[in-house]
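What follows is the residue order along each chain.
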Amino acid sequence: MNFSHITWLDDKGHVKPPLMLYLLLVFIARGWCVFVASLTQASDRAALVELFYPHKADFLMALAAGFGALIVYGVVIAERKRSPNWVRPLFPYMKWLLVLLLIIDGGLLLQRVLHSYYMYSWSIGLDALLLFWSSLYLYKSKRLKLYFSDWKENDCKKESKKVRK
């Protein structure tokens, strides 16, 4: 079959991961992104981290919450390669893991609001807005639902038979 006119399917007919999924993972793992960006700054690595996370506890909690996003990203990479097979049963539950990570992120946002003594800041407002949009995306996206239901057991059997031949 020719799937070239359908842009959200790859050449084997599998649903590609949506770009918004990658953006959602970057949003959840933004603590890790700040950490990696701080490693590239030679003069003062802590200054960049303090710019985004004035309290050390907030940064450490963001790293802990972002670790789940790194796990989801690893599972997405495994799905693209259709291996290893032990990841396949976990794949349909990734949406619920993302929901849990967004709930944790909401708790961290509340903690940051408490640390700022309820003073409004643009970073907190932007995080709240992105958290709201991410929650809506997880709830409403049909393509994401198709993507999470795409990796079936028979796909793994077909791939393993091709490798054996």
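What you see as residue numbers is a count from 1 along each chain, following the sequence as written. Totals for whole chains, interfaces and linings use all residues, but because this is a predicted model, local features are given only for residues with pLDDT of at least 70 and pairs of side-chain atoms are given and counted only at 80 or more. To get the side-chain values, take all heavy atoms of the structure and skip hydrogens and water.

The protein chain has the name DUF2919 domain-containing protein in an unreviewed UniProt entry, where Shewanella schlegeliana is given as its organism.

(A) Layout of empty space enclosed by the protein. The definitions used throughout rest on a 1 Å grid laid over the protein atoms alone, on which a cavity is an enclosed set of points accommodating a 1.4 Å probe that cannot get out and a pocket is an open set flanked by protein within 12 Å on both sides along at least five of seven lines; lining residues are those having an atom within 4 Å of a point. Grid points are joined across faces, edges and corners, and a volume is the space filled by probe spheres set on the points. Tallied over the full model, the rule gives one cavity of 30 Å³ or more. Quantified by volume, the largest cavity comes out at close to 100 Å³. In terms of lining residues, the largest cavity is bounded by 13 residues, among which Arg30, Tyr53, Ala62, Leu108 and Arg112 are the most central. Think of it this way: any DSSP run of H or I at least four residues long counts as a helix, any run of E at least two long counts as a strand, and we number them from the N terminus. Listed by contribution, the elements that provide at least two residues to the lining of the largest cavity are helix 4 (56-81) and helix 5 (94-115). Per-element accounting of the lining of the largest cavity gives the leading share, five residues, to helix 5.

(B) Structural view of the UniProt feature "transmembrane region" (unreviewed entry) in the protein chain. On the UniProt side, "transmembrane region" (unreviewed entry) is annotated at positions that read residues 21-39, 59-78, 90-111 and 117-139 here. Within the segment residues 21-39, helix and strand shares are 95% and 0% respectively, and the terminal C-alpha atoms sit 25 Å apart. UniProt positions are given in the numbering used here, feature names are shortened, and annotations may be inferred rather than shown by experiment.

(C) Main features of a nonpolar patch on the surface. For patches, a residue must show more than 30% relative accessible area and have no salt bridge; joins then use 9 Å for like charges and 5 Å for nonpolar side chains, namely Val, Leu, Ile, Met, Phe, Trp and Tyr. We get accessible surface area from the Shrake-Rupley algorithm with a probe of 1.4 Å; when it comes to residues, only the shown protein chains can shield them. Salt bridges, as used here, are contacts in which a Lys or Arg side-chain nitrogen is within 4 Å of a carboxyl oxygen on Asp or Glu. Taken together, the side chains of Leu126, Leu129, Phe132, Trp133 and Leu136 make up a nonpolar region of the molecular surface, amounting to roughly 500 Å² of accessible area. Its place among the elements puts Trp133 in helix 6 (residues 122-140). Burial classification: accessible surface area is computed with a 1.4 Å probe over protein chains only, and a residue below 20% of its type maximum counts as buried, one above 50% as exposed, and the rest as partly exposed. Residue classification places Trp133 among the partly exposed positions, given a relative accessible area of 48%.

(D) The arrangement of the packing of aromatic side chains in detail. Here a pair means two rings of Phe, Tyr or Trp (six-membered ring of Trp) with centres within 6.5 Å. Their orientation is stacked below 30 degrees between planes, edge-to-face above 60, and tilted elsewhere. If you walk through the whole model with that rule in mind, you get three aromatic pairs. Summarising the aromatic geometry, the rings of Tyr22 and Tyr73 are spaced 6.3 Å apart at their centres and angled 65° between planes, so their arrangement reads as edge-to-face. Note that Tyr22 is positioned in helix 1 (residues 19-28) and Tyr73 in helix 4, a separation of 51 residues in sequence. Residue classification places Tyr73 among the partly exposed residues on the basis of a relative accessible area of 39%. Summarising the aromatic geometry, the rings of Tyr120 and Trp122 are spaced 5.6 Å apart at their centres and angled 75° between planes, so their arrangement reads as edge-to-face.

(E) Looking closely at the layout of surface pockets. In this structure, the largest pocket spans a volume of roughly 230 Å³. Lining of the largest pocket is provided by Met20, Leu23, Leu24, Phe27, Arg30, Leu126, Asp127, Leu130, Trp133, Ser134 and Tyr137. The set of elements that each furnish at least two residues to the lining of the largest pocket consists of helix 1 and helix 6. Top element by residues in the lining of the largest pocket is helix 6. It accounts for six residues. For this classification, Asp, Glu, Lys and Arg are treated as charged, while Ala, Val, Leu, Ile, Met, Phe, Trp, Tyr, Cys and Pro are nonpolar and the rest, including Gly, are polar. The residue inventory of the lining of the largest pocket, partitioned by class, reads eight nonpolar, one polar and two charged. In this structure, the second largest pocket encloses a volume near 170 Å³. Listing elements by their share of the lining of the second largest pocket, those giving two or more residues are helix 3 (45-52), helix 5 and helix 6. Broken down by class, the residue content of the lining of the second largest pocket amounts to five nonpolar, five polar and two charged.

(F) Inspection of the side chain of Ser38 at higher detail. If you trace the backbone, Ser38 turns up in helix 2 (residues 30-40). Throughout, a contact is declared for two residues whenever any of their heavy atoms are within 4.5 Å. Apart from the residues lying within four places of it in its own chain, the contact partners of Ser38 are Arg45, Leu48 and Val49.

(G) Local environment of helix 6. The span you would expect from a helix comes to 1.5 Å times its residue count less one. The terminal C-alpha atoms of helix 6, which comprises 19 residues, lie 27 Å apart, in line with the 27 Å expected from a rise of 1.5 Å per residue. Among the residues making up helix 6, those that are buried are Ile124, Gly125, Asp127, Leu131, Ser134, Tyr137 and Leu138.

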